[in-house]
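So you can see what is in the structure, the chains are spelled out below.
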Amino acid sequence: MLNATHDPSLISWLTSANNADTDFPIQNLPFGAFTSAQNNQPHVGVAIGDDIVDLYVLAKSGLLDIDPSLFDQANINKFMAQGSDMWTRCRRILSQLLSTQNLVLQQKVSLALVPQNTATLLLPIKVEGYTDFYASKEHATNVGTMFRDPENALMPNWLHIPIGYNGRASTVVVSGTDVRRPLGQLKLVTNNKPHFGPTQKLDIELEMGAIVGTPNEMGTPLTVDQAQANIFGFVLLNDWSARDVQVWEYQPLGPFQAKAFATTISPWVVTQEALQPFCVHGPEQHPKPLGYLAQTQPGNYNVELQVDIQTQVSSLSQTISQTNFRAMYWSSAQQLTHHSSSGCAMQTGDLLGSGTISGSAKNSLGSLLELTWNGQNPLPLANGEERRFVEDGDTLTLRGHCQGQGYRIGFGSAVGKILPAHRL
């Protein structure tokens, strides 16, 4: 539900929060964890303009009437575990303290501010479990056409259930972490046997990640409405993929080492509450899903997304894909509902990758696999280079935002640079 924190006319006394192109206006208030040049003790904070509100300092001062121990943490899990009433309460107080409607406490609140450019942003959540889905109809159709039968690109179950696999929580890393090219078992079509070596088809996947805030007990499935309410917020997510490793290993049980080596997420968690003005209906689902997956309320979000690449020999980055989260066939709430439907216990800090977000236009495809059609059509870059897949030294950046009236709700960025593989 919309409330006073969503008012597009709200203005902060922090002038940087009122710039039309900032990702972090007063209507956003995303959560993360950080250390700073002044304090190497990790704290939970909220981004506002060019600054971070240190919630531990604010709570200790008495201005934020919430237990300070929730914020004397290296991640936001302890705070998320308090439930949605606490999430809403904290957001409301912060909005009031940072608004020009409350200038009396400006000087005191300022003591809790840390410039973002002096802070080190940490992985915002302790990832308890990571599941990646396959929920874009366009992406699934492209991949099915590429590797199977163009006449039957979607597997028979795809239109009935959100397809996913359990990934590695241990290799989810925060934006800015370098990623080493993985080694794996590969089989060339010209060879009878596989060999072991560095992937030659390293790829990105443009995704959003939903973060579970409220757990459910083992054996207790969630309804779609409950699942929607249990999601704390969203991050940008790059599901790095070794396509040549994947094509050899994925049958019959799906991805394994091809996606286990790294997953990059953005450092700020944009709350579901902040995204409420941008909640929209997804594509019509046909055939209608079974009753437990039926969703009558809007469950998708109008988030504009892009992928940029900067090569080792270039000082400039180039946008290679632009798409939108709203087009996902299966919503995050439906994904979480299906995940819990067997009685699976979802925990605070569980991360659900949306799956690659691809649109119908050529420049809206969320992976190089699609943009180059498995390397057959190299992608030309403005500096004269071309790419079939990601090369060593390339830096890939994911960005996203929702556009409001005079402000935008941004996610920051998810950045990763590729390092050479370990020598055999």
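To be clear, the structure that these remarks concern was listed above.
Residues numbered from 1 in each chain as written. Predicted model: local features only at pLDDT ≥ 70, side-chain atom pairs only at ≥ 80, totals over all residues. Heavy atoms only, no water.

Burial analysis of helix 8 (residues 332–340) places eight of its nine residues in the buried class, the great majority of the element. Listing the buried residues of helix 8 in full gives Ser332, Ala333, Gln334, Gln335, Leu336, Thr337, His339 and Ser340. Of the surrounding secondary structure, the elements contacted by the buried residues of helix 8 are strand 6 (130–133), strand 7 (164–166), strand 13 (206–212), helix 6 (224–230), strand 14 (231–238) and strand 22 (351–353). (Buried < 20%, exposed > 50% of the residue type's maximum accessible area, 1.4 Å probe, protein only. Helix = DSSP H or I, 4+ residues; strand = E, 2+ residues; numbered from the N terminus. Contact = heavy atoms within 4.5 Å.)

Glancing now at the sheet that holds strand 4 (residues 113–115). Read across the open sheet, the five strands follow the order 4-3-2-1-5; overall the sheet is antiparallel. Every interior strand has two partners, whereas the edge strands, strand 4 and strand 5 (119–121), have only one. Mean inter-strand twist for the sheet, computed between neighbouring axes without regard to direction, equals 45°. In this structure, strand 2 (residues 43–48) lies alongside strand 3 (residues 51–54), joined through four bridges in antiparallel fashion. Paired with Gly45 across the two strands is Asp54, which belongs to strand 3. (Pairing = 2+ DSSP bridges. Axes fitted to C-alpha atoms, helices over the stretch in contact; angles between N-to-C directions.)

As for its position among the elements, Thr337 is in helix 8. Polar side-chain contacts of Thr337 include one of 2.7 Å to the backbone oxygen of Ala333. Setting aside residues up to four positions removed in sequence, Thr337 forms contacts with Leu222, Thr223, Val224, Ala227, Tyr292 and Leu293. (Polar contact = N/O pair within 3.5 Å; in protein donor to acceptor, adjacent residues only side chain to side chain.)

What follows covers the pattern of salt bridges. Where side chains of opposite charge bring their charged atoms close, a pairing between them can arise. Within the structure shown, the criterion is met by 13 salt bridges. When the shortest N-O distance is used, the salt bridge between Arg181 and Asp392 registers 2.7 Å. One end of the pair, Arg181, is in the loop between strand 9 (179–180) and strand 10 (183–186); the other, Asp392, is in the loop between strand 24 (386–387) and strand 25 (395–403), and 211 residues separate them in sequence. Overall, the relative accessible area of 9% leaves Arg181 in the buried class. Among the ionic pairs, Arg243 bridges to Glu205, the shortest N-O distance being 2.9 Å. Highlighted residues: Arg243 in helix 7 (residues 243–249) and Glu205 in the loop between strand 12 (202–203) and strand 13, separated in sequence by 38 residues. Salt bridges linked by common partners bring Asp203, Glu205, Asp239, Arg243 and Lys259 together as one network. (Salt bridge = Lys/Arg side-chain N within 4 Å of Asp/Glu carboxyl O.)

What follows deals with the packing of aromatic side chains. Counted according to the given criterion, the structure contains 11 aromatic pairs. An angle of 85° between the planes, with centres 5.0 Å apart, marks the rings of Trp87 and Phe232 as edge-to-face. Residue Trp87 is located in helix 3 (residues 84–98), and its partner Phe232 is located in strand 14; the two are separated by 145 residues in the primary sequence. Given a relative accessible area of 9%, Trp87 falls into the buried group. (Phe/Tyr/Trp six-rings, centres within 6.5 Å; stacked < 30°, edge-to-face > 60°.)

Moving on, we come to the sheet that holds strand 21 (residues 318–324). Read across the open sheet, the five strands follow the order 9-26-25-20-21; overall the sheet is mixed. Edge positions in the sheet fall to strand 9 and strand 21, since each has one partner strand and no second. Where strand 9 and strand 26 (residues 408–419) come together, two bridges link them in parallel fashion. Across the sheet, residue Arg180 finds its bridge partner in strand 26, namely Leu419.

The next subject is the environment of Val179. Its location among the elements puts Val179 in strand 9. For the pair Val179 and Asn363, spaced 184 residues apart in the sequence, the C-alpha separation amounts to 25 Å. In this view, Val179 contacts Trp240, Phe261, Ala262, Thr264, Lys417, Ile418 and Leu419; residues no more than four positions away in its chain are not counted.

A few words now on the pairing of strand 13. Judged by how many residues are buried, strand 13 sits mostly within the fold: seven of seven residues are covered. Burial of the side chains of strand 13 extends over both faces: Leu206, Met208, Ala210 and Val212 are buried on one face and Glu207, Gly209 and Ile211 on the other. Bridge count for strand 13 against strand 14 is seven bridges, and the pairing is antiparallel. Counterpart to Ile211 in the pairing with strand 14 is Gly233.

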